[in-house]
Amino acid sequence: MSRLSIPTVEQSLPASKPLLAAVEKQLGVVPNLMKLVGHSPAGLEGYLSLNGALNKGKLSHALRERIALTVAEFNGCDYCLSVHSYLSANVAKLTQGEIDAARDGRSDDPRTAAALHFARRVTESRGRVSDADLATLRAADFDEAAVLEIVLNVALNVLTNYVNNVAQTDIDFQVVTARQAA
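In short, a report on the structure.

Definitions and cut-offs
- Residues numbered from 1 in each chain as written.
- Predicted model: local features only at pLDDT ≥ 70, side-chain atom pairs only at ≥ 80, totals over all residues.
- Heavy atoms only, no water.
- Patch = residues over 30% accessible without salt bridge, like charges linked within 9 Å, V, L, I, M, F, W, Y side chains within 5 Å.
- Areas by Shrake-Rupley, 256 points an atom, 1.4 Å probe, with all protein chains shown as cover.
- Salt bridge = Lys/Arg side-chain N within 4 Å of Asp/Glu carboxyl O.
- Helix = DSSP H or I, 4+ residues; strand = E, 2+ residues; numbered from the N terminus.
- Core = buried A, V, L, I, M, F, W, Y, C linked by side-chain atoms within 4.5 Å.
- Buried < 20%, exposed > 50% of the residue type's maximum accessible area, 1.4 Å probe, protein only.
- Contact = heavy atoms within 4.5 Å.
- Lys, Arg positive; Asp, Glu negative; His and termini not counted.
- Polar contact = N/O pair within 3.5 Å; in protein donor to acceptor, adjacent residues only side chain to side chain.
- Phe/Tyr/Trp six-rings, centres within 6.5 Å; stacked < 30°, edge-to-face > 60°.

**Details of a nonpolar patch on the surface**
Argument step 1. There is a patch of nonpolar side chains on the surface, built from Leu-50, Leu-148 and Leu-152 and spanning about 250 Å² of accessible area.
Argument step 2. Tracing the backbone through its elements, the reader meets Leu-152 in helix 9 (residues 144–167).

**Considering the nonpolar core**
Considering soluble globular proteins, one finds that nonpolar side chains tend to be buried as a cluster.
Argument step 1. Met-34, Ile-67, Leu-137, Phe-142 and Ile-150 are the most contacted members of the largest nonpolar core, which totals 42 residues.
Argument step 2. Looking at this core, the elements with two or more residues in it are helix 1 (17–27), helix 2 (32–37), helix 3 (41–55), helix 4 (61–75), helix 5 (78–90), helix 6 (96–103), helix 7 (110–125) and helix 9.
Argument step 3. Among residues more than four places away in sequence, those in contact with Met-34 are Leu-20, Val-23, Leu-44, Tyr-47 and Leu-48.

**Considering the side chain of Glu-65**
Argument step 1. Counting through the fold element by element, Glu-65 comes out in helix 4.
Argument step 2. Despite being buried, Glu-65 has no salt bridge partner; Arg-64 is the closest side chain of opposite charge, sitting 6.5 Å away.
Argument step 3. Engagement of the side chain of Glu-65 in a polar contact is seen with the side chain of His-84, the distance being 2.6 Å.
Argument step 4. Excluding residues within four positions of it along the chain, Glu-65 makes contact with His-84, Leu-87, Ser-88 and Ala-92.

**A closer look at the packing of aromatic side chains**
The way to describe two aromatic rings as a pair is by their centre distance and the angle between their planes.
Argument step 1. A full pass over the atoms with the stated rule returns 1 aromatic pair.
Argument step 2. Summarising the aromatic geometry, the rings of Tyr-86 and Phe-173 are spaced 5.5 Å apart at their centres and angled 50° between planes, so their arrangement reads as tilted. A residue pair is termed long-range when its members are at least 10 positions apart, and Tyr-86 in helix 5 and Phe-173 in the segment after helix 9 qualify at 87 residues.

**Digging into the pattern of salt bridges**
Argument step 1. Summed over all chains, the structure comprises 9 salt bridges.
Argument step 2. Arg-66 is the salt-bridge partner of Glu-98, the closest N and O atoms lying 3.4 Å from each other. Note that Glu-98 is positioned in helix 6 and Arg-66 in helix 4, a separation of 32 residues in sequence.
Argument step 3. On the accessibility criterion, Glu-98 (31% relative accessible area) is partly exposed.
Argument step 4. Taking relative accessible area as the criterion, Arg-66 reaches 10% and is therefore assigned buried.
Argument step 5. Arg-121 serves as the salt-bridge partner of Asp-133, at 3.1 Å between the closest nitrogen and oxygen. Here Arg-121 lies in helix 7 and Asp-133 lies in helix 8 (residues 131–139), a separation of 12 residues in the sequence.
Argument step 6. Owing to a relative accessible area of 22%, Arg-121 belongs among the partly exposed residues under this scheme.

Quick look at the structure:
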């Protein structure tokens, strides 16, 4: 059971209701994470704004989902692993093998593998990556905008991982659990 309350949409703060309505319009449902973060309308707006902006960025949806899986596995966030496994399979159309590899920061595609390795290094090092880490990513044909978007996607996913790990948010998707202790 969640350690922080998860209100229904109807019980949510008035300032959060239009934001939650937009989530429902886009996804068809309002995930527990969004209702939870709706306790802070400013927090919900900030999360949705950054996520929406990154959706318009250089990185493909499939790569963003893979990054989310890499970060969630590292941080041991079962909620995010569950959500992003679902989105990876049903929206990004990744195979189970690709999902499993992404959780480990791997891919058979060299360019994707470089991005996931870099995302993992950013997560592990709290952003203090080496010159070699950055050079490897650049050698895989990621320009500066893409480098920054990888870092921003890591940060966005760390945010949700930490919220869910603190709250122990009730998982409202098929449950996927981390393979490692965070």
